[in-house]
Amino acid sequence: MEVLNLIQGKLLSAKGGEWLELTDPSKGKVYGRLPRSSAEDVNLAVKSASKAFKSWSATPPGERAACLNRLADLVKKNAQLLSSAESTDNGKPISLAAAVDIPRAEKNLRFYASAVQHFASESHAMEGEAINYTLRKPLGVVACISPWNLPLYLFTWKIAPALAAGNCVVAKPSEITPVTAYLLSTWVKEAGFPDGVLNILHGLGTEVGDALVRHPKIAAVSFTGGTATGAHIASVTAPRFKKLSLELGGKNAAIIFDDCDFEDALATTMRSSFANQGQICLCGSRILVEKSIYTRFRDALVSKTKKMKVGDPMDPKTKTGAVVSKEHRDKILDYITLAKEEGGTILCGGTQTTPENQPGLEGGYYIQPTIIEGLKYDCAVNQQEIFGPVVTIQPFETEEEAVSIANSTEYGLAATVWTNDLKRAHRVAAELETGICWVNCWLLRDLRTPFGGVKNSGVGREGGFDALRFFTESQNVCIKL
Ligand code: NAD
């Protein structure tokens, strides 16, 4: 597998001729290479995007939408290839890639193809005196930087609104999972995008990513990734007055009250804990359970989790695959060690493992789904993002206590509340310091809704018209009557 950059409609290696290795986390083996791009490649990509901007921004939204829809058609046509590539690159079960990642990538493109045709701006009449109308202009060349956990899903979630709104894009997928974005880049011309409208660069965040966000012609940066990277990007872009959207880390709580639908809460908490090996920013990594049902819920959760077996991600029956890299596996294992030092009891999992009877996968990066009990709410394991198949479980006595524990971290991305008390559901949702709150469900997504976090989980909102507002600048025109 050889990944290439897309610049000015051409598939190219990095100018400097350097490469990075591509690893299959299910085997721990190198299976390809990607360009180690640098500032030189950024300059070329930004130049090509700047050249394309005048014409693309003047292209009617309906025509831009047609390009996005044709790209969506190509994603659909190649869904099997993309699912398999995503699974190989990331370690996620192919069944998950085929059911969630790739269909959602297609949906993102179609959603913004449609949304831009319904996007409108405001008019403010000053009776008898003047009329104001607001133009919404595309920004120019924008940077879209995405992480490895939902590679094509989050990549398209950014480029679709940026392109729909009339911007030209230089996008950088994660160097850990670049393959599906590369496959997409091979279809951009066929979809009808003029050369230079969408450029895709591969390489290290600290090299090509850094050069991209610093480039003077980049008008805005839409970033999803870790909080420390987000803080660094903010420090680089703020003095240059670039528009910035940051979707960052989380430490989400799942709050389970004793009046919940027990089986539903249990089954969904299994998913919200361990889907994608716990590597979804919205996963609930702190499970808070009302004391009266704590033992019953804990025992049922542990019993179900013990039955989870890691398997070959490429096997359609596998529900739990590999974590994304050796470094990430080691980081997760370090947190499990820390949990023991902090006084936690490992109720299940807690170790690395390999799929049973699967020769060839011994070198892969697998962790047994892990539940930890007995930790204080304010210890490091309960405060820092682990981003793996590791959850903590703790009892609470009152609603106030649950809310206070949930709000105790520096993060504020999402929360899940399980109760059949309608008034409590509204009350607790409003009190939670998060950008998203699910009641009696998890990861139920309507793409029109605002998506994002508060506190150290980010700045700004994606989704719906929010993303189109981010990728445009308003200009008020006042006409005297
Ligand atoms: P990361 O911050 O290491 O990398 C994200 C992207 O930024 C990659 O493409 C990387 O190459 C690039 N990058 C790294 N350093 C850079 C720099 N100095 N300048 C410019 N770009 C740079 O994050 P990750 O490990 O890939 O992803 C995991 C993190 O993403 C977790 O913290 C997770 O919570 C978060 N995440 C958040 C959301 C959300 O919507 N809030 C969604 C998914 C993942």
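Note: the structure precedes this text.
This is a predicted model, so every value here is computed, not measured.

A.B. asks: Sorry, what's going on with the layout of surface pockets here?
C.D. replies: The probe, sized like a water molecule, is rolled over the atoms to show the empty space still left. Empty space within the largest pocket amounts to approximately 920 Å³. Contributing to the lining of the largest pocket are 37 residues, with Pro147, Trp148, Gly225, Gly226 and Thr229 lying nearest its centre. Listing elements by their share of the lining of the largest pocket, those giving two or more residues are helix H7 (205–214), strand S10 (218–224), helix H8 (227–237) and helix H11 (326–341). Per-element tally for the lining of the largest pocket: the top contributor is H7, with 5 residues. Here the lining of the largest pocket spans two domains, since at least three of its residues come from each of domain 1 (5–248 + 457–480) and domain 2 (252–446). Taken as a whole, the second largest pocket spans an internal volume of roughly 570 Å³. Around the second largest pocket, the lining comprises 26 residues; the ones closest to its centre are Leu96, Val100, Arg271, Ala275 and Trp442. For the lining of the second largest pocket, the secondary-structure elements that each account for two or more residues are helix H4 (94–115) and helix H9 (262–274). Among the elements that make up the lining of the second largest pocket, the one with the highest residue count is H4 (8 residues). Among the residues making up the lining of the second largest pocket, the classes are represented as 17 nonpolar, 3 polar and 6 charged. Looking at which domains feed residues into the lining of the second largest pocket, each of domain 1 (5–248 + 457–480) and domain 2 (252–446) gives three or more.

A.B. asks: Sorry if this is basic, but what is going on with the packing of aromatic side chains here?
C.D. replies: Geometrically, a pair of aromatic rings is defined through the distance of the ring centres and the angle of the planes. In the structure shown here, the tally under the stated rule is 8 aromatic pairs. Taking the centre distance of 5.9 Å and the plane angle of 55 degrees together, the rings of Tyr112 and Trp157 count as tilted. Of the two residues, Tyr112 is situated in helix H4 and Trp157 in helix H5 (residues 151–164); the sequence distance between them amounts to 45 residues. Here Tyr112 and Trp157 have matching classes, each one buried. With a centroid separation of 4.9 Å and 75 degrees between ring planes, the pair formed by Phe470 and Phe471 is classed as edge-to-face. Exposure remark for Phe470: the relative accessible area of 12% places this residue in the buried category. An aromatic cluster is built from Phe111, Tyr112 and Trp157, whose rings are joined through pairwise contacts. Against the face of Trp19 rests Arg33, its NZ or CZ located 3.7 Å from the ring centre.

Definitions and cut-offs
Residues numbered from 1 in each chain as written. Predicted model: local features only at pLDDT ≥ 70, side-chain atom pairs only at ≥ 80, totals over all residues. Heavy atoms only, no water. 1 Å grid on protein atoms, 1.4 Å probe; cavity = no way out; pocket = protein on both sides within 12 Å on 5 of 7 lines; lining within 4 Å. Points joined across faces, edges and corners; volume = space filled by probe spheres on them. Helix = DSSP H or I, 4+ residues; strand = E, 2+ residues; numbered from the N terminus. Domains from an automatic or database assignment. Nonpolar A, V, L, I, M, F, W, Y, C, P; charged D, E, K, R; others polar. Phe/Tyr/Trp six-rings, centres within 6.5 Å; stacked < 30°, edge-to-face > 60°. Buried < 20%, exposed > 50% of the residue type's maximum accessible area, 1.4 Å probe, protein only. Lys NZ or Arg CZ within 6 Å of the ring centre and 35° of its normal.

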